[in-house]
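Summary of structural features
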Amino acid sequence: MRRLAAVLLVLTLTGCGGGDGVPEPTRTVAPPSQEPARSKTISLSCGDTEVSLPAMPAKLKRAGAFAQLPSLARRLDVDGLIWRRNDEHLYVGVVCGVRTAEQFATLVARSTLTAYKGRPALRWTTKSGLRNFMWLEQPGTAVYIGATPGLATEIRRIAGGVSAGLGQ
């Protein structure tokens with residue numbers, strides 16, 4: 001009964017929307033990496049949890065980092081990286097601090113609640129067309145992937161290659 005109540009709470013909370021739109025990630029541009037991202041393992045972390053990323057598509061170049069995700073209903077720690085190809089951008093990051101499915105379900109107004117690998121996930125598109133996908137990998141760590149329309153097909157592949165565990 002408790003599990004059913006939690007599911008109903010999650011579904012109820014996601015129906016509560018707010019705001020007219022969802023802005024794009026705030027970009028903090030760092031110097032691009034001199035080495036292609038595919039030549040080394042890339043990981044991001046939330047506390048003791050390390051999230052390893054798959055190799056990015058070969059034609060993308062590192063274009064900086066981001067530490068905020070304005071789409072979030074409340075301020076949380078974000079650690080993210082940006083790749084680009086011409087005018088197309090791909091954002092991959094971790095959002096730290098969300099511990100429960102109920103908290104996660106309320107993070108982004110006007111998002112669609114779904115599931116990914118049996119975990120709660122959110123999908124949304126901003127007014128500018130940025131496609132966003134985020135799932136609660138484990139308590140305290142959500143994985144975020146955003147892409148402009150020309151790279152949106154990469155979201156599924158990248159999500160499938162993400163792995164998380166305790167850092168070393």
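For the structure, see preceding data.
In short, a report on the structure.

Rules of the game
Residues numbered from 1 in each chain as written. Predicted model: local features only at pLDDT ≥ 70, side-chain atom pairs only at ≥ 80, totals over all residues. Heavy atoms only, no water. Core = buried A, V, L, I, M, F, W, Y, C linked by side-chain atoms within 4.5 Å. Buried < 20%, exposed > 50% of the residue type's maximum accessible area, 1.4 Å probe, protein only. Helix = DSSP H or I, 4+ residues; strand = E, 2+ residues; numbered from the N terminus. Contact = heavy atoms within 4.5 Å. Pairing = 2+ DSSP bridges. Disulfide = S-S within 2.5 Å. Arc of directions from axis to C-beta. Axes fitted to C-alpha atoms, helices over the stretch in contact; angles between N-to-C directions.

A few points about the nonpolar core
As a rule of thumb, nonpolar side chains are buried together in soluble globular proteins. Within the largest apolar cluster, 25 residues are counted, with the highest numbers of intra-cluster contacts made by Leu53, Trp83, Leu90, Val92, Trp135 and Ile145. For this core, the secondary structure elements donating two or more residues are β2 (42-46), β3 (49-53), β5 (77-85), β6 (88-96), β9 (131-138), β10 (141-147) and α3 (154-161). With four residues, the top contributor of residues to this core is β6. Each residue touching Leu53, except ones within four places of it in the same chain, is listed here: Ile42, Leu44, Trp83, Val92, Gly161 and Val162. Grouped together as the second largest cluster of nonpolar side chains are 20 residues, Leu76, Ile82, Val98 and Val108 included.

Quick notes on the pairing of strand β8 (residues 119-125)
Note that strand β7 (residues 112-116) and β8 share five bridges and pair antiparallel. Bridging across to β8, Thr114 finds its partner in Ala121. Between β7 and the antiparallel strand that follows it, β8, lie two residues; Lys117 among them carries a positive phi value of about 50°. Pairing geometry for β8 and β9, over five bridges, is antiparallel. Bridge pairing links Arg123 to Phe133 in β9.

Things to note about the state of the cysteines
Per the stated rule, a full pass over the model turns up one disulfide. The residue that forms a disulfide with Cys46 is Cys96, at a sulfur-sulfur distance of 2.0 Å. Note on the Cys46 and Cys96 pair: the S-S dihedral is about -85°, so by sign convention the disulfide is left-handed. Note that Cys46 is positioned in strand β2 and Cys96 in strand β6, a separation of 50 residues in sequence. An identical accessibility class is assigned to Cys46 and Cys96; each is buried.

Considering the environment of Val108
By the element assignment, Val108 lies in the loop between α2 (101-105) and β7. Here Val108 falls in the buried class, since its relative accessible area comes to 4%. Distance in space between the C-alpha atoms of Val108 and Arg123 is 9.0 Å, their sequence separation being 15 residues.

Observations regarding the side chain of Glu137
For Glu137, the location among the structural elements is in strand β9. Note on Glu137: relative accessible area 12%, which makes it buried. Glu137 has contacts with Arg119, Ala142, Val143 and Ala164, leaving out every residue within four places of it along the chain.

Focus on α3
Inspection of α3 places Glu154, Ile155, Ile158 and Ala159 among the buried residues, and these make up the whole buried set. Seen from one end, α3 has its buried residues packed into an arc of 130°, which puts them on one side. Check the buried side of α3 and you find it contacts β6, β7, β9 and β10.

Some details on the sheet that holds β3
The strands that make up a sheet are held in pairs by hydrogen bonds between backbone atoms, and each pair lies either parallel or antiparallel. If you walk across this open sheet you meet the three strands as β2-β3-β11, and the pairing is antiparallel. Two strands in the sheet have a free side with no partner beyond their single neighbour: β2 and β11 (163-166). On average, adjacent strands in this sheet sit at an angle of 25° to one another, irrespective of strand direction. Where β2 meets β3, five bridges bridge the pair, whose relative direction is antiparallel. Residue Leu44 lies in a different strand from β3, and its bridge partner there is Val51.

Purely spatial values, then, with no claim about function.
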